[in-house]
Amino acid sequence: IKREIGLPGDKVEIINSKLYINDKIYEENYLKENMSYPDFRLSDLNYQKIPEDNYLVLGDNRENSVDSREIGLIKKSDINGKISFRFWPLTKIKFL
């Protein structure tokens, strides 16, 4: 399971292990503290913003996750499933 982080029209970057969506930093309190992982920009995938009907997904174990940083954006038609039980996090992502 991956988190849907970037929606169509969003600009997503990871700089110094911090997530930025549309130039605003997000607190990701569900990630392990002091996690360090490489920078990422949508331009690494040859996009400036996420195109229509595409999504950017990231795993919570960013140091060792196969996600959109490696496999690219996910098409809406390829998203399948429904979470019926959530253990963690109990809160939503919020702006800092």
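In this report, the structure presented in the accompanying data block is examined. (Residues numbered from 1 in each chain as written. Predicted model: local features only at pLDDT ≥ 70, side-chain atom pairs only at ≥ 80, totals over all residues. Heavy atoms only, no water.)

1. Some details on the pairing of strand 6 (residues 54–58)
Okay, so step 1: Extensive coverage of strand 6 is indicated by the burial of 5 of its 5 residues.
Okay, so step 2: Where burial is concerned, the two faces of strand 6 agree: the one with Asn-54, Leu-56 and Leu-58 and the one with Tyr-55 and Val-57 are both buried.
Okay, so step 3: Taken together, the 3 bridges between strand 1 (residues 3–6) and strand 6 define a ladder with antiparallel strand orientation. Its bridge partner lying in strand 6, Arg-3 is registered against Leu-58.
Okay, so step 4: Pairing between strand 6 and strand 7 (residues 74–75): 2 bridges, direction antiparallel. Each residue of the ladder has a partner; that of Tyr-55, found in strand 7, is Ile-74. (Buried < 20%, exposed > 50% of the residue type's maximum accessible area, 1.4 Å probe, protein only. Helix = DSSP H or I, 4+ residues; strand = E, 2+ residues; numbered from the N terminus. Pairing = 2+ DSSP bridges.)

2. Some words on the environment of Gly-59
Okay, so step 1: Relative to the assigned elements, Gly-59 resides in the loop between strand 6 and helix 1 (68–71).
Okay, so step 2: For Gly-59, a relative accessible area of 4% translates into the label buried.
Okay, so step 3: Counting along the chain gives 57 residues from Gly-59 to Lys-2, while the straight-line C-alpha distance between them is 4.8 Å.
Okay, so step 4: Apart from the residues within four sequence positions on either side, Gly-59 is in contact with Lys-2, Ser-65 and Asp-67. (Contact = heavy atoms within 4.5 Å.)

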